[in-house]
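# Survey of secondary and tertiary structure
What follows is each chain in one-letter form.
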Amino acid sequence: MSNRPDIALARSHQSVLHAAQGGDPEALFVVAFWHLAGDVVPRNLEKSRHILRMAVEAGHAGAAAIEIALAANGTGAAADWDLAEKLLAQAGEVFGGEFQEQHNLLASVSNFDPKVCDIEILSSSPSIRLFKRALRPQECAHIIAASSHYLEPAMVQDPVSGRLMPHPIRTSSAAVIGPTRATLPIYALCHRIFGLIDIQFDQAESMTVLHYKPGQQFRGHLDTLPHTRNQRCATALIYLNAQYTGGETVFPKLGISIKGEQGDLLVFDNVQIDGLPDPMSLHSGDPVIAGEKWLGSIWIRQRPFNMWSGPEQA
Ligand SMILES: O=C(O)CCC(=O)C(=O)O
Ligand SMILES: [Fe+2]
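Figured I'd write up the structure that's included with this text.

Reading guide: rules and limits
- Residues numbered from 1 in each chain as written.
- Chains lettered and ligands numbered in written order.
- Predicted model: local features only at pLDDT ≥ 70, side-chain atom pairs only at ≥ 80, totals over all residues.
- Heavy atoms only, no water.
- Helix = DSSP H or I, 4+ residues; strand = E, 2+ residues; numbered from the N terminus.
- Buried < 20%, exposed > 50% of the residue type's maximum accessible area, 1.4 Å probe, protein only.
- Contact = heavy atoms within 4.5 Å.
- Axes fitted to C-alpha atoms, helices over the stretch in contact; angles between N-to-C directions.
- Parallel < 35°, antiparallel > 145°, perpendicular 65-115°, else oblique.
- Left-handed = near helix turned anticlockwise from the far one by under 90°.
- Nonpolar A, V, L, I, M, F, W, Y, C, P; charged D, E, K, R; others polar.
- Donors = N, O, S within 2.8 Å, 3.2 Å for Na, K, Ca; no water.
- Tetrahedral: all angles 85-135°; square planar, octahedral: opposite > 155°, others 65-115°.

### Description of the environment of Gln 217
- Relative to the assigned elements, Gln 217 resides in the loop between strand S7 (207-212) and strand S8 (218-221).
- Looking at Gln 217, the relative accessible area reads 15%, which means it is buried.
- Between the C-alpha atoms of Gln 217 and Ser 173, which are 44 residues apart in sequence, the distance is 9.9 Å.
- Residues within four places of Gln 217 in sequence aside, it is in contact with Ile 169, Arg 170, Thr 171, Ser 172, Tyr 212, Gly 285, Asp 286 and Pro 287.

### A short note on the packing of helix H6 (residues 97-109) against helix H8 (residues 184-197)
- At a closest axis distance of 9 Å, the pairing of H6 and H8 adopts a crossing angle of 15 degrees. Taken together, the axis directions place H6 and H8 in an arrangement best described as roughly parallel. Note that H6 runs across H8; the crossing there is left-handed. Packed against H6, whose contacting residues are Gln 102, Leu 105, Leu 106 and Val 109, the element H8 presents Leu 184, Pro 185, Ala 188, Leu 189 and Arg 192 at the interface.
- Classifying every residue of the contact of H6 with H8 by side-chain character gives seven nonpolar, one polar and one charged.

### A short note on the coordination of the iron ion (ligand 2)
- Coordination of the iron ion (ligand 2) by the protein comes from His 221 (NE2), Asp 223 (OD), Asp 223 (OD) and His 283 (NE2), over a distance range of 2.1 to 2.8 Å.
- Classification of the site at the iron ion (ligand 2) rests on its six donor atoms, whose angles at the metal span 51 to 169 degrees, yielding the label irregular.
- Donor residues for the iron ion (ligand 2) sit on one chain with the sequence pattern H-x1-D-x59-H. With His 221 in strand S8 and His 283 in strand S14 (residues 283-285), this residue pair connects regions lying 62 residues apart in the sequence. We note that His 221, like His 283, is buried.

In structure tokens:
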């Protein structure tokens, strides 16, 4: 055995590839992920889908969850909602459990009339609108349950390097529900939200679920980025629960403070008519005093982008 870590790593990659060729479900899953991430092997989204299929057929439930998400968001093949639903139904039959629950939930998520949603206009410039009860309680509960095991300390983007780093401005935990993590009910809810606010699916960054414990907060900030070719022109916030005190979303320059009820959707503009950041959109998530606050947050770009190459390339 060599002591060199690069050689040891290459050998372990070889052994995973070998196991995948032998049909091992976990190895197939890992190799499919390499093709998605594009680090160990060059990125090949089509190939990833193909290997994921083999992993699912070999009995890998995690591969089934990712395959469903990729079918719905159009990774490695054109987005195909009917296929995603069919794959979810199949996974429910084979693996049961969460897939079965998601399949049942999806039926009720699809059965929602957006016209029942009252809209309160809180400000016209910048536009701030509150869509009352845009999501039902069980839909909010699903988003919390599906994201809670991905929670990590929330990061902010360093304005100079562009890298993500922890910062006292933002002390909550956050779970990014990226293209391999979204469940079909979550995507169906995103489609509902984007229909209500009239944007395209691929203008939106991945939903981030924020979790604030007592004392945690998101201090005053703008959601716009300092250097970008595709600005965050608007933000959508979904209040996933209401059993907490404090934690209001506050726009100090407008004298507006919002304590959303469960399922309420707040949508506001971050840019002026000329597309430049609107300083009046400054806002904070005030410290939670008691209980825990759960919030879904979606930053919306000016133009559609490819989720694998990122908004800056659009
Ligand atoms: O927690 C809040 O109410 C605000 C969250 C927020 O500003 C954001 O996600 O950009
Ligand atoms: Fe914000």
